[in-house]
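Observations on the model geometry
Below are the chains, spelled out letter by letter.
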Amino acid sequence: MRIVVTGGSGRLGVSVVTFLHAQGHDVVSFDRAPHPTLPPGTHRTVDLADPGQTWSAMSAARPEAVVHLAAIATPFSLPDHIIYETNSRIAYTVTEAAIAAGARKVLSASSPTVLGYGTPRGWVPQYLPLDEKHPTAPWNGYALSKQNIETIMQMFHHKNGDTVTLGAFRPCYVISPPEWAGAPTQQGHTLYERLQNPALSAVALFNYVDARDVGTFVEAWLQQASPALSGETFFVGASDALATRPLADLMPLYWPGTEATAAHLTGRESAFDCSKAERLLGWSAERSWRTELTGAPADLASHLAAQPTSHLEPSFAARVG
Ligand SMILES: NC(=O)c1ccc[n+]([C@@H]2O[C@H](COP(=O)([O-])OP(=O)(O)OC[C@H]3O[C@@H](n4cnc5c(N)ncnc54)[C@H](O)[C@@H]3O)[C@@H](O)[C@H]2O)c1
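Here the structure is a predicted model, which is why all the values come from computation and not from measurement.

Conventions we followed
Residues numbered from 1 in each chain as written. Predicted model: local features only at pLDDT ≥ 70, side-chain atom pairs only at ≥ 80, totals over all residues. Heavy atoms only, no water. Helix = DSSP H or I, 4+ residues; strand = E, 2+ residues; numbered from the N terminus. Rg over C-alpha atoms; globule rule 2.2 N^0.38 Å. Contact = heavy atoms within 4.5 Å. Lys, Arg positive; Asp, Glu negative; His and termini not counted. Charge placed at Lys NZ, Arg CZ, Asp CG, Glu CD. Near = heavy atom within 4 Å. Polar contact = N/O pair within 3.5 Å; in protein donor to acceptor, adjacent residues only side chain to side chain. Areas by Shrake-Rupley, 256 points an atom, 1.4 Å probe, with all protein chains shown as cover. 1 Å grid on protein atoms, 1.4 Å probe; cavity = no way out; pocket = protein on both sides within 12 Å on 5 of 7 lines; lining within 4 Å. Sits in = over half its atoms within 2 Å of the grid points. Nonpolar A, V, L, I, M, F, W, Y, C, P; charged D, E, K, R; others polar. Buried < 20%, exposed > 50% of the residue type's maximum accessible area, 1.4 Å probe, protein only.

**Some remarks on the overall build of the protein**
Per the secondary structure count, the protein includes 13 helices and 9 strands. Compactness check: the protein gives a C-alpha radius of gyration of 19 Å against a globular reference of 20 Å for 321 residues, within 12% of the reference. Taken along its principal axes, the extent of the C-alpha atoms in the protein is 55 × 40 × 40 Å. Summarising the internal contacts of the protein: among those between residues at least 6 apart in sequence, 74% fall at separations of at least 24. Across the protein, the centroid of the 22 positively charged side chains sits 4 Å from that of the 28 negatively charged ones.

Put into structure tokens, the structure is as follows:
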């Protein structure tokens, strides 16, 4: 399949491009900058914020499928209205240009933040684990741009009917291969620190996904995309929680009001239910922090399990309200 991936130089994009390329697809990434580990010949420098550049790169590539990952990916890393405008506009332009260039499958990255956790007003889930039916309530420009992206996919689905399959997915907190070995994650701390201090992972409801597992999800969606899947959104996450203790214990500590809804999240249960992807695409994540984490003490699980977790990091309450 001839595939354009936007944002192929990012922490998620590198794994997605590398995996699709290894599967024998003809892949090209549109990104502002190359990445040293991308397969040779797979990068094109394109500023997707420039509609002229986007349309001409897309019509030259003539892809059968487009996977749209490029975005300002960190909430509050720029003024909120810039994140909102940029992510929304790029997604619209990429999708419109892709379909005009002949693409018949378009898959875009949304985010679990559409659910609204972290709002200063306080957030309590209606139920756990969270699935795609849970109401959304974005409270910042990043989350709203991601909700827009899901709506943009649906808009082009309504416009094009069965001629194009469009979808969105909400990757959980993405861990790329260098991060398992100790490189800083998106929030600046290491995986080991994230496991050692549950407050760091609590902010994202202890969710995560290995970037290579997102690669297998994208391939599964591209292979099986059909009109029946058009307009659908999927959570894409690991099957366990990024925590060394059950969420039945941890959730109420950091998310007051979840005592009852989290009570059945015993063992390694995640706060996110990704069974829709399993049901409709036969996809589930293969990797867990328990098998992937390196560069930390060998007895990590037992070492961390012995740590007290009853304290709240002082800034946590301020961050999530
Ligand atoms: N990392 C996560 O935990 C996470 C979680 C949920 C959703 N997502 C979403 O997944 C996608 C990928 O995330 P990521 O972590 O790989 O982000 P990233 O910041 O590592 O990568 C984004 C890439 O997009 C490119 N890009 C941004 N603006 C561009 C433009 N105008 N023109 C060309 N290229 C541009 C950047 O150069 C970068 O390579 C994003 O849409 C993000 O919102 C990420």
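On we go from here.
**With respect to the site of the ligand**
For the ligand, the set of nearby residues contains 26 residues, the closest of which are Asp31, Leu69, Tyr142, Lys146 and Val174. Gly10 has a polar backbone atom sitting 3.2 Å from an oxygen atom of the ligand. At 2.8 Å from an oxygen atom of the ligand is found a side-chain nitrogen or oxygen belonging to Lys146. Protein contacts shield 89% of the accessible area of the ligand, which totals 830 Å² for the unbound molecule. When atoms are counted within 2 Å of each cavity's grid points, the one that captures over half of the ligand is the largest pocket. Of the residues in the shell around the ligand, the class split is 15 nonpolar, 6 polar and 5 charged.

**Overview of the side chain of Asn87**
As for its placement among the helices and strands, Asn87 is situated in helix α3 (residues 80-100). Given the relative accessible area of 2%, Asn87 is considered buried. Here Ser145 takes part through its side chain, which lies 3.3 Å from a polar atom of the side chain of Asn87. The residues touching Asn87, leaving out its near neighbours within four places in the chain, are Ala71, Ile72, Tyr142, Ser145 and Ile149.

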